[in-house]
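# Understanding the architecture of this molecule
Here is how the chains run, residue by residue.
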Amino acid sequence: MTIGDASPARLRRDLLAHLPGSTLDAVERIVAAGAAHGDVYAVGGAVRDFLLDRSVVDVDLVMECDAPAVTYAALPDAKILAHTRFRTASVTIGGVRIDVATARDETYARPGALPAVAPADINTDLRRRDFAMNAIALRLSGGPALLDPCGGIDDIAARRIRVLHDASFRDDPTRIFRALRYAARLDFTLDPHTADLLAQSVHYIDAIGGERLRREIELMIAEPAAGAALEAAQRAGALQVAHPALTWDSGRSEALADPVVPRVPLLPYGFALLAAGSSPDDAPLIVARLKLKRDEAAAVTAIASMRKVAQTLRRPDAKPSGVVLLLDRFPLAAVSAHAAIEPDTIARRLALRYLEEWRHIKPALNGEQLIELGVPAGPQVQRALQLLRAARLDGWATDRDDEQALALRFAKSIRDSADAKAQIELNLN
Ligand code: ATP
C-alpha cells in the first residue's frame, strides 16, 4: 500500500488487523468505553510506522476525555499503570504496549522543564508533538478519519523529519536525541530548517534532568541503528553537551553492533564505549550527570580506571594468569569495550584472549576434592584454587593429574610451614 492511496477506512481496518487478537480486543474495549465520552484516535508511532509499512510495536491512543478512567473501566482486570499528572495510562496486552492519553496542550516554563499540561482537543494535542510525522491521528471511534494538521503524511512520503515550531528543541531538548534516533532508524533526513534549529539548540541539552538524559542515551544505545544515531549525536555536539568526556565514532559503532562477547549487557556496554576516552576523574561526573543505573555506572567507572592497568596489558610477555588477575576485577561490559577499541595491538589481543578463552579456564578440581587431598578447609582452599587456575592458564598444569600433584605439594607446604611454626613456638616457650 502506498501512502497516497490509503483511505482512512482502509488504514483503520488494516492497522487493527495487524494487531494480535488479544491486543485488538483490548483496543476495541478502550475505544468503545472512550467513545461514550468523545472520539478516540490512534496517533504517533503506530500510525507513522503503519504508513511506512513497518511493523507496529506499540499503540498510542488519544481521547478527548479522562484516559485513565476510561482504561480502568474498559479493562477492569488488567494491570494498568496510570500517570495522573499527564492523565495517561499504559497497559501491555498480547506483548503490545497500549498507551492511552488524554488529549492535551503543553506549555514549557523553561527549556528542558517538564511541561504544564491542560486538557485540549485532538488538533491542539497533535500540534504539541515533536515532529509532523508523529502528529497524525486516525480516528478509531465512529466514522474513520485521518487528521494531519501539520503535513505529516507529506513528510513521511518525503522521508523528512520536521519540528512543528521554532521553539520545539528549546522547549524540550530531548527532541534533539529523538530526531537523530528517528533519522537513523527510519533513514529519514532532517528538514533543513529543523537541522538549523537543532544545531542552534544543542546547548539546551544542558538543561535536561539526569534521568531523562540517561533515558534518551539508553534509547539511542538500544536502537537497531544505534551506531548511526550516536555518530549523528557526536557530529551534532549533543554527546559533548551531555558530558564533555563522552565520545563516539565509527569504530564504536562497529563494536556496539558486533560485540566480542555476544550476550554482553547492552546498556552498560554502550555506556562503557561512550566513556572509553574518559579519565578516572571524569567517571563520577558522568555517573552523576546521567544518573546512571548501578551496572551502567560500574561499567563507566571501570573503563575509566582501566587506563591504570593499560601499561601492564601492553607487555607482550604478560602471563595469562596476570592478565586474568587484572581483568577479572572489571565488569564484562567494560572489558569488552576496552577490547573493542584499544588502539594498542598487544593490549587488544590480550584482552580478546581473556574474553574469548582465558576467563573460562577453571581448575578441574573443586574445593571439596582439595580438602580430601589435604588442603585445610578455610581460606587456603581459595588460595589453592587460584594457584591451580594460574597453573592451568600459564601451562604448568594441563590435566587433572597435574592439578592433583600441585594440590598435594600445596597441602604439604602448608603442613610443613605449620610444623615449622609449631616448632618455633615450642622453642620459644
Ligand atoms: P517509537 O517507535 O520510538 O516508540 P513513538 O512515536 O511511538 O516511536 P514514543 O516515545 O512512544 O514514540 O511517543 C509516542 C508519541 O508521543 C510520539 O509519536 C510523539 O507524537 C509524542 N511524543 C513523544 N515524546 C515527545 C516529546 N518529547 N515531545 C513531543 N511529543 C512527543
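Here the structure is shown first, and the text comes after it.
Scope of this entry: the structure provided in the associated data block. Everything numeric here is computed off the predicted structure, so don't read it as measured data. (Residues numbered from 1 in each chain as written. Predicted model: local features only at pLDDT ≥ 70, side-chain atom pairs only at ≥ 80, totals over all residues. Heavy atoms only, no water.)

### Comments concerning the overall build of the protein
Along the protein, the regular secondary structure elements total 22 helices and 11 strands. Taking 22 Å as the expected radius of gyration for a compact globule of 429 residues, we find that the protein reaches 29 Å, considerably beyond that expectation. Dimensions of the protein, computed from the C-alpha atoms along their principal axes, are close to 100 × 50 × 45 Å. Here the protein holds 429 residues, and the buried ones make up 49% of them. In the protein, once contacts between residues fewer than 6 apart in sequence are set aside, the share between residues at least 24 apart is 65%. Counting only carbon and sulfur atoms, one obtains 52% of the accessible surface of the protein, whose full area is about 20300 Å². One finds the centroid of the 53 positive side-chain charges in the protein at a distance of 3 Å from the centroid of its 56 negative side-chain charges. (Helix = DSSP H or I, 4+ residues; strand = E, 2+ residues; numbered from the N terminus. Rg over C-alpha atoms; globule rule 2.2 N^0.38 Å. Buried < 20%, exposed > 50% of the residue type's maximum accessible area, 1.4 Å probe, protein only. Contact = heavy atoms within 4.5 Å. Areas by Shrake-Rupley, 256 points an atom, 1.4 Å probe, with all protein chains shown as cover. Lys, Arg positive; Asp, Glu negative; His and termini not counted. Charge placed at Lys NZ, Arg CZ, Asp CG, Glu CD.)

### Quick look at unusual backbone geometry
A positive phi angle is found at D53, which is not glycine, with a value near 65°. Residue position: D53 is located in the loop between α3 (44–51) and β2 (58–63). On the basis of relative accessibility, which here comes to 62%, the residue D53 falls in the exposed class. Despite not being glycine, R159 has its phi angle at roughly 50°, a positive value. Given the relative accessible area of 38%, R159 is considered partly exposed.

### Digging into the packing of aromatic side chains
With the rule as written, the count across this model stands at one aromatic pair. Considering the side-chain rings of F131 and Y182, the 6.1 Å spacing of their centres and the 90° angle between planes classify their relative orientation as edge-to-face. Of this pair, F131 sits in the loop between α5 (122–127) and β8 (137–139) while Y182 sits in helix α8 (residues 174–186), placing them 51 residues apart in sequence. Take F131: its relative accessible area is 0%, and that puts it in the buried class. Directly above the ring of Y182 sits R181, whose terminal nitrogen or CZ lies 5.7 Å from the centroid. (Phe/Tyr/Trp six-rings, centres within 6.5 Å; stacked < 30°, edge-to-face > 60°. Lys NZ or Arg CZ within 6 Å of the ring centre and 35° of its normal.)

### Topic: the environment of I93
Within the fold, I93 resides in strand β4 (residues 88–93). Sequence separation of I93 and L126 is 33 residues, and the distance between their C-alpha atoms is 25 Å. Residue contacts for I93: discarding those within four places in its chain leaves S22, T23, A26, L75 and A78.

### Considerations on the nonpolar core
If you look at the biggest cluster of nonpolar residues, it comprises 114 residues, and the most contacted ones within it are I30, L61, I217, L274 and L327. Every residue in contact with L61, bar those within four places of it in the chain, is listed here: V27, I30, Y41, A42, I98, D99, V100, A101 and L140. (Core = buried A, V, L, I, M, F, W, Y, C linked by side-chain atoms within 4.5 Å.)

### Concerning the pairing of β2
The pairing of strand β1 (residues 40–43) with β2 spans four bridges and is antiparallel. The residue bridging V40 from the neighbouring strand is M63, located in β2. By the bridge criterion, six bridges tie β2 to strand β5 (residues 96–102) in an arrangement that is parallel. Across the sheet, L61 pairs through a bridge with V100, a residue of β5. (Pairing = 2+ DSSP bridges.)

### Remarks on helix α10 (residues 210–222)
Compared with the 18 Å implied by 1.5 Å per residue over 13 residues, the 18 Å span of α10 between its first and last C-alpha is a close match. Every buried residue of α10 is listed here: G210, L213, R214, E216, I217, E218, M220 and I221. (Expected span 1.5 Å × (residues − 1).)

### Considering the site of the ligand
In the vicinity of the ligand, 16 residues are found, and the nearest of them are R48, R129, D172, R175 and R185. Within the side chain of R48, one N or O atom sits 2.9 Å away from an oxygen atom of the ligand. One of the side-chain N or O atoms of D172 is found 2.7 Å from a nitrogen atom in the ligand. Protein contact buries 79% of the 580 Å² of open area that the ligand shows by itself. (Near = heavy atom within 4 Å. Polar contact = N/O pair within 3.5 Å; in protein donor to acceptor, adjacent residues only side chain to side chain.)

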